[in-house]
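Geometric and topological summary
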Amino acid sequence: MILRVMFMAKKGEPAPDFELPSNTDASVRLSSFRNKKNVVLCFYPKNHMWGCPSKKVFEQAKSVIDNYNRIKELGAEVLGISVDTVESHKKFAEEYNIPYMLLSDVDKKVCKEYAGLNMYGLAKRTTFIIDKQGVAMEIFTNIEPKAHGDEIVAALNSIAKIS
């Protein structure tokens, strides 16, 4: 049986706009970055979970944090998105010194539209690289958490060569 992953947001097409609250108490609209910055949308299941999925969340966050300055130098903004509340994001960002904004999608609308939901109703681990024109240029689904920051940098370098 072949399992196909279907996203509303598709590579090479305009990324659907959304607005979500963040851990900084600001409301963030994707289209506000258009013509200004590339955007890295990192969808992940949940801030604090028990067992293996939790370890992957921390490993992925660390990989992105370790590459955050390089990502910023390439003209991109990182946004982490999960179904957690703003309060949970505030604690998580403080506890792990996360320098990028974490967006709260408690209604799961944006997570469904972009990454899809797993069998527990949580966002699937998926990253979208959106260029300055608002087009989804890369979609990562089979994420190796420890190497993901490097993957993001490589994708942003590819976009820079095209632009």
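This text follows the structure it describes.
Below is a short write-up of the structure.

Rules of the game
Residues numbered from 1 in each chain as written. Predicted model: local features only at pLDDT ≥ 70, side-chain atom pairs only at ≥ 80, totals over all residues. Heavy atoms only, no water. Helix = DSSP H or I, 4+ residues; strand = E, 2+ residues; numbered from the N terminus. Buried < 20%, exposed > 50% of the residue type's maximum accessible area, 1.4 Å probe, protein only. Contact = heavy atoms within 4.5 Å. Areas by Shrake-Rupley, 256 points an atom, 1.4 Å probe, with all protein chains shown as cover. Phe/Tyr/Trp six-rings, centres within 6.5 Å; stacked < 30°, edge-to-face > 60°. Core = buried A, V, L, I, M, F, W, Y, C linked by side-chain atoms within 4.5 Å.

A few words on the overall build of the chain. Looking only at helices and strands, the chain has five helices and seven strands in total. Buried residues in the chain amount to 50% of all 163 residues. Long-range pairs, those at least 24 residues apart, make up 67% of the contacts in the chain between residues at least 6 apart in sequence. Summed over its atoms, the accessible surface of the chain is roughly 8700 Å², and 54% of this surface lies on carbon and sulfur atoms.

Moving on: the packing of aromatic side chains. The final tally for this structure, using the stated rule, is seven aromatic pairs. Geometrically, the ring pair formed by tyrosine 68 and tyrosine 100 is tilted, given 6.1 Å between the ring centres and 40° between the ring planes. With tyrosine 68 in helix 2 (residues 68-73) and tyrosine 100 in the loop between helix 3 (86-95) and strand 5 (101-104), this pair connects stretches of sequence that are 32 residues apart. An aromatic cluster of at least three residues, connected via ring pairs, comprises Phe18, Phe43, Tyr114 and Phe128.

Our focus in this paragraph is unusual backbone geometry. At aspartate 25, a residue that is not glycine, the phi angle is positive and equals roughly 75°. Take aspartate 25: it is sitting in the loop between strand 1 (19-21) and strand 2 (27-29). We note that lysine 108 has phi near 65°; this positive angle belongs to a residue other than glycine. Inspection of the secondary structure puts lysine 108 in the loop between strand 5 and helix 4 (109-114).

Counting 25 residues, the largest nonpolar core has Phe18, Leu41, Phe43 and Tyr114 as the members making the most contacts within it. At the level of elements, strand 3 (38-43), strand 4 (76-82), strand 5, helix 4, strand 6 (126-130) and strand 7 (136-140) are the ones that each hand at least two residues to this core. In this structure leucine 41 touches Phe18, Leu30, Leu79, Ile81, Tyr114, Thr126, Thr127, Phe128 and Ile130, once residues within four positions along its chain are discounted. Counting residues in hydrophobic clusters, the runner-up holds 22 residues, among them Cys42, Ala155, Leu156 and Ile159.

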